[in-house]
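# Commentary on secondary and tertiary structure
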Amino acid sequence: MDFSALITTILHGLTLGMVLMLVAGGLTIIFGMMEVLNFAHGSLYMLGAYFGYTVAHLTGSFWLAILIAPLAVGAVGFLIEFFSLRPLYGRPPLHHLLLTFGISLIVQNAIKFIWGNDIYSIEMPAFLSGSSSLLGVQYPTYRLFVLLFSVALSILIWLLITKTKWGVVVRAGTEDIETLEAHGIDTRKVFTAVFVVCAAFAAVGGAVVAPMRTVYPQMGVDIIIEAFIVVIIGGLGSIKGAVVGALILGLATQLGAVFLTGFADAAIYIVMAGILLFRPSGLVTETE
Amino acid sequence: MLRLQDVHTYYGPSHVLHGVSLSLAKGEAVSLIGRNGAGKTTLMRSIMQLTPPRQGSISLKDQVELTRLKPHEVFRLGVRLCPQGRGVFPKLTVEENLRLALVSQPKRETHLGVDKAYQLFPVLAEKRHQKVRGLSGGQRQILAIARALMGETSLLLMDEPSEGLAPLIVRELRDLIRQIKKTGITILLAEQNVKMALSACDRHYILEKGDIRFSGTTQELTCQQDILVQTLGVSSGVAECEAPAPT
Ligand SMILES: Nc1ncnc2c1ncn2[C@@H]1O[C@H](COP(=O)(O)OP(=O)(O)O)[C@@H](O)[C@H]1O
Ligand SMILES: [Mg+2]
């Protein structure tokens, strides 16, 4: 394998990892704060892609699609959190898992009902089609855009989490929600806000990858499995772990496809097993 | 300031507080003495509504019934809990821990802000950008107290602040509690350390298996050493009782 092919594979892996992070980051924050393993998080990503498709189809604007999709999915996230999760907080985790699994089935079937089983794509803006040269390789411009876009988004999230007072609240919430509540913070409202924001980020991910991947009714399940692997590798509830885990998984998937031809799908499981063998509770476990 | 009447608190089916009644006047420092498992933490959690009582009433300033509120609403009324085991956030910095307590409070000049907290507790100023994880037990306790004093505090609930601290630090803590009292803040101090309770507070309740077994002043308690021996298996370890002069 020559050098330029390796660069291409690594760039593919990073792009995939960054998109995965948008989903897995939300998954891990929601788990860390609310102790809810949100199986429906992949459905929110998928809804982002479908909403994005419809907006792009109706308006012809890609940019409107990646703006409106997260807003619409944020609203769906609000309905899910407020009407279904909220009454179940404090119950055993199995209750939430069953609930969110049910929601994911509902979303999937609603999508089939509305959009059918067809496979769609969002048309990318003309100036992002074609390829650009980078580090001596020709790389699809749109993929490069996705990479930069999601890096920019991650920096934004990072700034929100580390620099703002609401970021402090979120981090405190992943440590000890009860003490947070006892310090004047209405944690129920924080839960709702966090769920909505995480839903919106997942939706951006779904919408922005739609032009390079496709939009299909199974995509929610596909991504949620990968996102679960990411948070398990990274350490359940750890934000840093989600970033590290997503990049590892993205790279493993792409490198596996090249080096383990025929066993590409096994690569991520091998990586996961290897990591868990040495770090049973994930890579980033911040114990006191 | 605070009045509990016939408070019953449960964890699921297990009945922990069996009708506790007590009251604190404004500006008083009152201790709640009891062994491990007596229900001190449960009482603090009941006041804060972290474990809402199933029966009874808890009123603040004879105006607000706390049992109808959520913990964050109780906090906004000026009630502050320093939880057992400090309850600070280890992964956050000292400053973030302090600022957290201000998130829900309106900005006002007169309040104890972060800068004033650093003036009062220089040890925290030195560590302001360090993660709490690296702080000693005593420093964490100071942080927990400083955080509880941020903004408008009227009632301070301290759950075994001396637990696990060296005797010298415990004495500093006692002095700090006395100072806080002087600023007019009402204090309820849960302790197993009888000496600390007797020297920091003016009035005392002894809690045993979820019931109040004794209530009285420091003088009354030191005159009834047998109660301490019965309920805690210790004597006060402070000055012997001086019988009041005959009248
Ligand atoms: N979360 C809980 N669930 C069930 N029982 C509890 C819980 N916390 C405390 N208890 C029980 O309640 C009683 C009082 O505990 P606690 O209030 O912590 O006492 P203290 O603070 O005086 O040591 C103990 O018997 C303890 O076992
Ligand atoms: Mg206790």
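### What to know about the overall build of chain B
- Within chain B one finds ten helices and ten strands.
- Here chain B has a C-alpha radius of gyration of 18 Å; the compact-globule value for 247 residues is 18 Å, and the two agree.
- Referenced to the eigenvectors of the C-alpha coordinate spread, the extents of chain B come out at roughly 55 × 40 × 35 Å.
- For chain B, with 247 residues in total, the buried portion stands at 55%.
- In chain B, 65% of the contacts between residues at least 6 apart in sequence involve partners at least 24 apart.
- On chain B, the mean spot of the 32 positive side-chain charges and the mean spot of the 24 negative ones are 7 Å from each other.

### Considerations on the packing of aromatic side chains
All names here are of chain A.
- Here the structure, examined in full by the defined rule, presents 15 aromatic pairs over all chains.
- When the centroid spacing of 5.0 Å and the interplanar angle of 80 degrees are considered together, the rings of phenylalanine 62 and tryptophan 63 count as edge-to-face.
- The buried category is assigned to phenylalanine 62, whose relative accessible area is 5%.
- With 5.5 Å between their ring centres and 35 degrees between their planes, phenylalanine 145 and phenylalanine 149 make a pair best called tilted. In this pair, phenylalanine 145 and phenylalanine 149 both sit in helix α5 (residues 141-163), four residues apart, roughly one turn of the helix.
- Exposure remark for phenylalanine 145: the relative accessible area of 14% places this residue in the buried category.

### Some points on the layout of surface pockets
Residues and elements named next belong to chain A.
- Estimates place the volume of the largest pocket at around 1000 Å³.
- Ile29, Ile161, Val170, Arg171 and Ile239 are the residues nearest the centre of the largest pocket, which is lined by 41 residues in total.
- Going through the elements one at a time, α1 (3-34), α5, α6 (165-175), α8 (187-209) and α10 (239-259) are the ones with two or more residues in the lining of the largest pocket.
- Here the element with the most residues in the lining of the largest pocket is α8; it accounts for seven residues.
- Residues that form the lining of the largest pocket fall into these classes: 21 nonpolar, eleven polar and nine charged.

### Looking at the pairing of strand β2 (residues 14-24) of chain B
Residues and elements named next belong to chain B.
- Relative to β2, strand β1 (residues 2-11) runs antiparallel, the two being bridged by eight bridges. Bridging across to β2, histidine 8 finds its partner in histidine 18.
- What sits between β1 and β2 in their antiparallel hairpin is a turn of two residues, with glycine 12 showing a positive phi close to 55 degrees.

### What to know about the coordination of the magnesium ion (ligand 2)
All names here are of chain B.
- Donor atoms from the polypeptide that coordinate the magnesium ion (ligand 2) comprise Thr41 (OG1) and Gln84 (OE1), at 2.0 to 2.2 Å from the metal. Placement of threonine 41 in helix α1 (residues 40-48) and of glutamine 84 in the loop between β6 (79-82) and α3 (94-100) is noted, with a sequence separation of 43 residues between them.
- With a relative accessible area of 25%, threonine 41 lands in the partly exposed category.

### Description of the interface of chain A and chain B
- With 21 residues of chain A at the interface, the matching set in chain B holds 21 residues.
- Together chain A and chain B conceal approximately 2100 Å² of surface at their shared face, both sides included; 60% is due to carbon and sulfur atoms.
- Here chain A and chain B share two salt bridges between them.
- The shortest N-O distance in the salt bridge between Glu178(A) and Arg45(B) comes to 2.8 Å.
- Joining chain A to chain B, the criterion identifies seven residue pairs in polar contact (both at pLDDT 80 or more).
- When contributions to the side of chain A that touches chain B are tallied by element, the ones reaching two or more residues are α6 and α7 (177-181) of chain A.
- By residue number, the principal contributor to the side of chain A that touches chain B is α6(A), which donates seven residues.
- Among the residues forming the side of chain A that touches chain B, the class breakdown is seven nonpolar, five polar and nine charged.

### Some thoughts on α8(A)
- End to end, α8(A) covers 33 Å across 23 residues, agreeing with the expected 33 Å (1.5 Å per residue, within 8%).
- Most of α8(A) is tucked away: 18 of the 23 residues are buried.

### Examining empty space enclosed by the protein
All names here are of chain A.
- Under the definition given, this model contains one cavity of 30 Å³ or more.
- The computed volume of the largest cavity comes to approximately 50 Å³.
- In terms of lining, the largest cavity is formed by Phe39, Ser43, Met46, Ser104, Gln108, Pro217, Gly220 and Val221.
- The set of elements that each furnish at least two residues to the lining of the largest cavity consists of α2 (41-59), α4 (93-115) and α9 (219-234).

### Considerations on the site of ligand 1
All names here are of chain B.
- Ligand 1 sits among Tyr11, Val16, Arg35, Asn36, Gly37, Ala38, Gly39, Lys40, Thr41 and Thr42.
- A distance of 3.3 Å is found between an oxygen atom of ligand 1 and a side-chain nitrogen or oxygen belonging to asparagine 36.
- Between ligand 1 and the protein, one listed contact pairs an oxygen atom with a side-chain N or O atom of threonine 42 at 2.4 Å.
- Its free accessible area being 560 Å², ligand 1 has 58% of it covered by the protein chains.

### Here we look at a nonpolar patch on the surface
Residue and element names in this part refer to chain A.
- On the surface, a nonpolar cluster with roughly 500 Å² of combined accessible area is contributed by Val258, Phe259, Leu260, Phe263 and Ile270.
- Position of leucine 260 relative to the elements: it lies in the loop between α10 and α11 (264-278).
- Judged by its relative accessible area of 36%, leucine 260 is partly exposed.

### Here's the deal with the state of the cysteines
- Under the criterion given, the structure shown has zero disulfides over all chains.
- With no disulfide partner, Cys201(B) has as its closest neighbouring cysteine sulfur the one in Cys82(B), 13 Å distant.

### A few points about the confidence of the model for chain B
- Looking at chain B, pLDDT values average 89 and 92% of them are 70 or higher.
- Across the interface, the model reports ipTM at 0.88; the global pTM reads 0.88.

Basis of the calculations
Residues numbered from 1 in each chain as written. Chains lettered and ligands numbered in written order. Predicted model: local features only at pLDDT ≥ 70, side-chain atom pairs only at ≥ 80, totals over all residues. Heavy atoms only, no water. Helix = DSSP H or I, 4+ residues; strand = E, 2+ residues; numbered from the N terminus. Rg over C-alpha atoms; globule rule 2.2 N^0.38 Å. Buried < 20%, exposed > 50% of the residue type's maximum accessible area, 1.4 Å probe, protein only. Contact = heavy atoms within 4.5 Å. Lys, Arg positive; Asp, Glu negative; His and termini not counted. Charge placed at Lys NZ, Arg CZ, Asp CG, Glu CD. Phe/Tyr/Trp six-rings, centres within 6.5 Å; stacked < 30°, edge-to-face > 60°. 1 Å grid on protein atoms, 1.4 Å probe; cavity = no way out; pocket = protein on both sides within 12 Å on 5 of 7 lines; lining within 4 Å. Points joined across faces, edges and corners; volume = space filled by probe spheres on them. Nonpolar A, V, L, I, M, F, W, Y, C, P; charged D, E, K, R; others polar. Pairing = 2+ DSSP bridges. Donors = N, O, S within 2.8 Å, 3.2 Å for Na, K, Ca; no water. Buried area = accessible area lost by both parts, 1.4 Å probe. Salt bridge = Lys/Arg side-chain N within 4 Å of Asp/Glu carboxyl O. Polar contact = N/O pair within 3.5 Å; in protein donor to acceptor, adjacent residues only side chain to side chain. Expected span 1.5 Å × (residues − 1). Near = heavy atom within 4 Å. Areas by Shrake-Rupley, 256 points an atom, 1.4 Å probe, with all protein chains shown as cover. Patch = residues over 30% accessible without salt bridge, like charges linked within 9 Å, V, L, I, M, F, W, Y side chains within 5 Å. Disulfide = S-S within 2.5 Å. pLDDT = per-residue confidence, 0-100.

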